[in-house]
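# Structural characterization, general
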Amino acid sequence: MSGFLKKLDKIADKIPEGFGHARAMAIGILNPDRRHDDPEEKRADMIRAEINAGHRFHSFAGERSQNFIKWHIDGHDYMWAVSELLDRAKEAIFILDWWLTPELYLRRPPAKYPEWRLDQLLKRKAEQGVKVYVVVYKEVVQTMTMSSHHTKETLEALHPNIACIRHPDHIGSKDDVEFWSHHEKVVVVDNHYACIGGLDLCFGRWDTHTHPLADVHPTYPFDTLFPGQDYNNARIMDFKDVPNYVSNGLSAIESARMPWHDVHMSLTGTVVLDIAQHFVERWNEIKKRKVRNARYDWLALPHDIENSPNEAVVRHPHRERWHEMGRHFRERFHLHVHGDEAVECEDDFPVVRGTCRVQAVRSVSDWSHGVLIERSIQNAYIELIQQAEHFIYIGIISNTGEDGPIKNQIAKALVERIVRAGREGKKFRVVVVIPEVPGFAGQVKDETSVKTIMAAQYRTMNRGGNSIYEEIRKAGYEPTDYIRFYHLRAYDRINAPFESYIHQIEERSGIPFHQLNVALGRLWVGRGEGPEDPKQVSVTIPTGKSLAEQSTSGAKPEMKTETYPMPATVEEAREIVDKWVRVAEEVRSDEDVSDNVVQHMLHDRTSLLDEKWLGTEEEERNAYVSELLYIHSKLMIVDDRRVIMGSANLNDRSQKGDGDSEIALVVEDEDTIEASMDGEPYRVSRFAATLRRKLYREHLGLIPPQICDNDERPDSFMRAAPHPNEDETEQDEDRLVADPLADDTINLWENTARQNREIFTEIFRPVPTNLIRSWKDYDNYVPKVMTGHVVPDIPLQRIKQRLAEVRGALVECPIDFLIDQKDFVEGPDWKGLNPTLPIYI
């Protein structure tokens, strides 16, 4: 750091706080390279650059063989797996998260698994002597609601062995980071196991393959899967007052939750050391900048360089210093040798030799990691696309040219690869699965982030002058022969016939339904021993009325919220719930009525037409709801042979390196299986092929429903590494999707997506749709009903007949939505004149 800036630091103590903050911001703006300008800092940067230059994709880490990697689809499976890994911990747990909710249930129903709430599990391990280190993104509180302050205060109150750091600081600091976030979703246990993928350990992420939209259980409330704020629909409203986690501003009687689709990995093998290195570098950099408290250790890098002297980390510029001053946690992959005898593997840390060659890649820069820009994730995506031979499964927001506000070149790589296939006359296919609408409240017509992000998606897809479709057509080829876009959407039925059933239970029991939810809140809180545990519950009481404010699928419900003190004890709360259950059974048996019907979208034994309803016909009609199935997976599968998966979105924020911080893994499984590609014999990797096929089968409804109840036993897909996933390649449903280029597979995929889209359009009229070509069509199309409910004047029998035909959640992307509204994707915003645009893209 320059002498001038050092003098400013000495003067800082003499300046009032406000002036000190202004001075810090001025230093950050005037000298953004202040951590890279003295000789020692430049030497460290040069060493890191040389290490990166020696690795594929210019990554900080090289390729590593013999790793055991397994995939987990959706939060139900992953969170059970991560609960197993955390429970295995003997020495140390590292967690990096965009948002971490201490009160998250990793196993469900919550009433069955209170001890598997995240905070209780971490407390248990800390009491056993395990050190827990957590880094979470420190949000801009004026615009975001996840309360990292609550995360930190709650975790650190559990036990002295738990330390939580929030970063970055915002206004008033040298590292004034307004736009960007720490976006990784990483867990490392004992430097031996790890998890990487798209799932934060927070509210709104846990979900089953069935993806229920409803969670009302009038006869047995203990079946609740999404307690308190975990029942969420970001399309209607964001989280509010997160520390009061048992309260909710969304009425489960009136509104559907927004289901969540995601993928994650658990793993063991030497690549864990690279993931641990990423965490240690982040932790030590933040500690250096802002933390002096003794609770927050310096950490040493985990690598055993005596027994692995060829590791790139041997040259790490800070390794020796951190080794001297940092807390050490062992790694067991490189066995120590004493005399002539190698130390045997410890029983708690088996060294399992897997079949996956893996490389860690990341997006980091000075603000996030104290290093010069690394964008090895983007490099990996581009190179894997260029090397693709037949097929790509991906989700994307990107750019095809050098100009414009979006700078990452992933879409350009796709166009070049498709055009090359066209020139060579070869069959090549790209399947893009992206969210139907961004996961924010608001409608597309308003000047909000929803409109901006959707415009960016359509500029990537088919308009604006340099989109994928336009560039392929310029080269003389029909883009839909090579690349198509898809969304996911679901329906369900809320089992809450209020007047004919719930109101009768209220009258006979003397317990209002909202008071039942207050009692359940006490059960979720438990004994209430934490310093921030809520003492009262806010409940949303349905009014049956709508606001003038619209969402993309109807009017927002009018919210009537009331706040009540919780029962004094857990026992008192349980008495209330037990009384409700007794009276509900006395009113009538509801055994034959399903609390959900979404399971019929999958390969269920029965049909929606078999479902009974004991309320009125009008109550049943009003009970049907639909919502987009939010796609949060950050994933690309190439040729059923290679996978890149992690936290990075396919947008500029995640890909450019100096935006959001990210980490991902490139996985190439050397365990290959016989398959076919376009009808020809073709060997595929087990990891990539089985993942792609399972995703296809889920989206097409070719898997059985995943029922989460009190009798559930963990299957292989819920177990953490190194427990292998069950081999399903011999199943008939798997064979239907085994060859992604076969005409039968393509027809099944496209016909399912088209039929599902037609049904949802008829019954619910969601946005986007090809029926809206300009703004003048918009208001006439959006139904005058509560968000997500059935459009008026459709008979109940027609609703059930059509929804019974839905298979899976796959729907076509309405590629012509607002196609005639030129200003949707054009104008000054897209010529670099909007300084806030990078926030969204």
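As the structure is a prediction and not an experimental result, all values here were calculated from the model. (Residues numbered from 1 in each chain as written. Predicted model: local features only at pLDDT ≥ 70, side-chain atom pairs only at ≥ 80, totals over all residues. Heavy atoms only, no water.)

A few words now on the overall build of the protein chain. The helix and strand inventory of the protein chain stands at 23 helices and 25 strands. On C-alpha atoms alone, the protein chain measures out to a radius of gyration of 27 Å, which is about the 28 Å that the 2.2 N^0.38 rule sets for 841 residues. Evaluated residue by residue, the protein chain yields a buried proportion of 64% over its 841 residues. Across the protein chain, every contact between residues at least 6 apart in sequence was considered, and the portion connecting residues at least 24 apart equals 78%. Accessible surface, the protein chain: about 31700 Å² in total, of which carbon and sulfur atoms supply 49%. Computed over 106 positive and 139 negative side-chain charges, the separation of the two mean positions in the protein chain equals 4 Å. (Helix = DSSP H or I, 4+ residues; strand = E, 2+ residues; numbered from the N terminus. Rg over C-alpha atoms; globule rule 2.2 N^0.38 Å. Buried < 20%, exposed > 50% of the residue type's maximum accessible area, 1.4 Å probe, protein only. Contact = heavy atoms within 4.5 Å. Areas by Shrake-Rupley, 256 points an atom, 1.4 Å probe, with all protein chains shown as cover. Lys, Arg positive; Asp, Glu negative; His and termini not counted. Charge placed at Lys NZ, Arg CZ, Asp CG, Glu CD.)

By secondary structure assignment, the location of Val271 is in helix α7 (residues 271–290). Residue classification places Val271 among the buried residues on the basis of a relative accessible area of 0%. In contact with Val271, other than residues within four places in its own chain, are Arg64, Asn67, Val358, Ala360 and Leu665.

This part covers helix α23 (residues 796–803). Burial in α23 covers these residues: Leu796, Ile799, Lys800, Arg802 and Leu803. Buried residues of α23, viewed axially, fall in a sector of 170°; they line one side. Close packing links the buried residues of α23 with β15 (483–493), α17 (617–623), β18 (624–628) and α21 (743–763). (Arc of directions from axis to C-beta.)

Turning to helix α19 (residues 686–700), a few remarks are in order. Given 3.6 residues to a turn, an α-helix orients residues that are three or four positions apart in the same direction. In this model α19 runs 21 Å from its N-terminal to its C-terminal C-alpha over 15 residues, within 8% of the 21 Å that 1.5 Å per residue would give. For α19, the tally of buried residues reaches 14 of 15 residues, placing the bulk of the element in the interior. Once α19 ends, the next one or two residues include Gly701, with phi positive near 75°. (Expected span 1.5 Å × (residues − 1).)

So, about the pairing of strand β22 (residues 662–669). Counting buried residues along β22, eight of its eight residues qualify, which places the element largely inside the surrounding structure. Residues of β22 alternate between two faces, with Glu662, Ala664, Val666 and Glu668 on one and Ile663, Leu665, Val667 and Asp669 on the opposite face, all of them buried. In terms of strand pairing, strand β11 (residues 356–364) meets β22 through eight bridges, oriented antiparallel. Pairing of Arg362 across the sheet is with Ile663, part of β22. Where strand β21 (residues 642–646) meets β22, five bridges bridge the pair, whose relative direction is antiparallel. By the bridge assignment, Ile644 is partnered in β22 with Val666. (Pairing = 2+ DSSP bridges.)

What follows is about the packing of aromatic side chains. As enumerated under the stated definition, the model contains 29 aromatic pairs in all. Ring geometry for Trp775 and Phe824: centres 6.0 Å apart, planes at 85°, overall edge-to-face. Placement of the pair is Trp775 in helix α22 (residues 775–781) and Phe824 in the segment after β25 (810–812), with a sequence separation of 49 residues. By way of ring pairs, the aromatic residues Phe94, Tyr133, Phe279, Trp283, Tyr296 and Phe329 are connected into one cluster. We note Arg417 situated over the ring of Phe428; from NZ or CZ to the ring centre the distance is 4.4 Å. One cation-aromatic arrangement involves Lys694 over Phe717; the distance from NZ or CZ to the ring centre is 3.8 Å. (Phe/Tyr/Trp six-rings, centres within 6.5 Å; stacked < 30°, edge-to-face > 60°. Lys NZ or Arg CZ within 6 Å of the ring centre and 35° of its normal.)

Closest axis-to-axis distance for the helix α10 (residues 376–387)/helix α11 (residues 410–424) pair is 9 Å, and the angle between their directions is 5°. Between α10 and α11, the angle is such that the two are roughly parallel. Counted together, Gln378, Tyr381, Ile382, Ile385 and Gln386 of α10 and Ile410, Ala413, Leu414, Arg417 and Arg420 of α11 form the full contact between these two elements. When its residues are assigned to classes, the contact of α10 with α11 shows six nonpolar, two polar and two charged. (Axes fitted to C-alpha atoms, helices over the stretch in contact; angles between N-to-C directions. Parallel < 35°, antiparallel > 145°, perpendicular 65-115°, else oblique. Nonpolar A, V, L, I, M, F, W, Y, C, P; charged D, E, K, R; others polar.)

This next bit is on the confidence of the model for the protein chain. When pLDDT drops low, the exact placement of atoms in the prediction is not to be read closely. Residues at a pLDDT of 70 or more form 90% of the protein chain, whose mean pLDDT is 90. Note that residues 1–15 has pLDDT below 50 and, in this model, 17 contacts with residues that lie over four places away or in other chains. Taken together, the stretch residues 336–343 has pLDDT below 50 and engages in nine contacts with residues farther than four places along the chain or on a different chain. (pLDDT = per-residue confidence, 0-100.)

Our focus in this paragraph is unusual backbone geometry. Cis geometry marks the peptide bond from His167 to Pro168, where omega comes out at 5°. With respect to the helices and strands, the residue Pro168 is situated in the loop between β4 (162–167) and β5 (186–189). With an omega dihedral of 10°, the bond running from Ala721 to Pro722 counts as a cis peptide bond. Here Pro722 shows up in the loop between α19 and α20 (732–736). Positive phi values are uncommon outside glycine, yet Ser147 reaches one of about 55°.

Judged by nonpolar contacts, the single largest core of 142 residues is most densely connected at Phe94, Tyr393, Leu665 and Leu803. Grouped together as the second largest cluster of nonpolar side chains are 106 residues, Phe226, Tyr231, Ala380 and Tyr381 included. (Core = buried A, V, L, I, M, F, W, Y, C linked by side-chain atoms within 4.5 Å.)

Take the pattern of salt bridges next. Applying the stated criterion across every chain yields a total of 62 salt bridges. Residues Asp743 and Lys427 are paired through a salt bridge, measuring 3.0 Å at the closest nitrogen-oxygen approach. Here Asp743 is found in helix α21, whereas its partner Lys427 is found in the loop between α11 and β14 (429–433), with 316 residues between them in sequence. Note on Lys427: relative accessible area 33%, which makes it partly exposed. A single network of salt bridges, built from pairs that share partners, joins Arg56, Glu63, Arg357, Arg642, Glu668 and Glu670. (Salt bridge = Lys/Arg side-chain N within 4 Å of Asp/Glu carboxyl O.)

Once that is clear, we can look at the pairing of strand β8 (residues 263–268). Most of β8 is tucked away, with six of its six residues classed as buried. Burial along β8 is two-sided: the face carrying Val263, Met265 and Leu267 and the face carrying His264, Ser266 and Thr268 are both buried. Sheet analysis places strand β1 (residues 63–73) next to β8, joined by six bridges and oriented antiparallel. From the neighbouring strand, Lys70 faces β8, where its bridge partner is Ser266. Relative to β8, strand β6 (residues 193–197) runs antiparallel, the two sharing five bridges. In the sheet register, Cys195 faces β8, and the bridge partner there is Ser266.

Moving on: the environment of Ala455. Mapped onto the elements, Ala455 comes out in helix α12 (residues 449–461). Under the relative-accessibility criterion, Ala455 is labelled buried at 1%. Taking C-alpha positions, Ala455 is 36 Å from Val246, a pair spaced 209 residues apart along the chain. Every residue in contact with Ala455, bar those within four places of it in the chain, is listed here: Phe824, Val825 and Trp830.

The next point concerns the side chain of Glu285. Turning to its location among the elements, Glu285 is positioned in helix α7. Residue classification places Glu285 among the buried positions, given a relative accessible area of 9%. If we skip the residues at most four places from it in the chain, Glu285 touches Arg35, His369 and Gly370.

In this structure the tally under the stated criterion is zero disulfides. Here Cys202 stays unpaired: no disulfide links it, and the sulfur of Cys164, its closest cysteine neighbor, is 14 Å away. Counting only cysteine sulfurs, Cys195 is the nearest neighbor of Cys356, a cysteine outside any disulfide, at a range of 15 Å. (Disulfide = S-S within 2.5 Å.)

Bringing the packing of α21 against α23 into the picture now. Remark: α21 packs on α23, axes separated minimally by 10 Å, with the N-to-C direction vectors making an angle of 160°. For the element pair α21 / α23, the angle class is roughly antiparallel. The two elements α21 and α23 cross, and the hand of that crossing is left-handed. Packed against α21, whose contacting residues are Glu758, Ile759, Glu762 and Ile763, the element α23 presents Arg798, Ile799, Arg802 and Leu803 at the interface. Looking at side-chain class alone, the contact of α21 with α23 contains four nonpolar, no polar and four charged residues. (Left-handed = near helix turned anticlockwise from the far one by under 90°.)

Turning our attention to the environment of Ala490. The topology assignment puts Ala490 in strand β15. Considering only alpha carbons, one finds Ala490 and Arg166, 324 residues apart in sequence, at a separation of 36 Å. Beyond its immediate stretch of four places on either side in the chain, Ala490 contacts Leu213, Met601, Val625, Ser626, Glu627 and Phe760.

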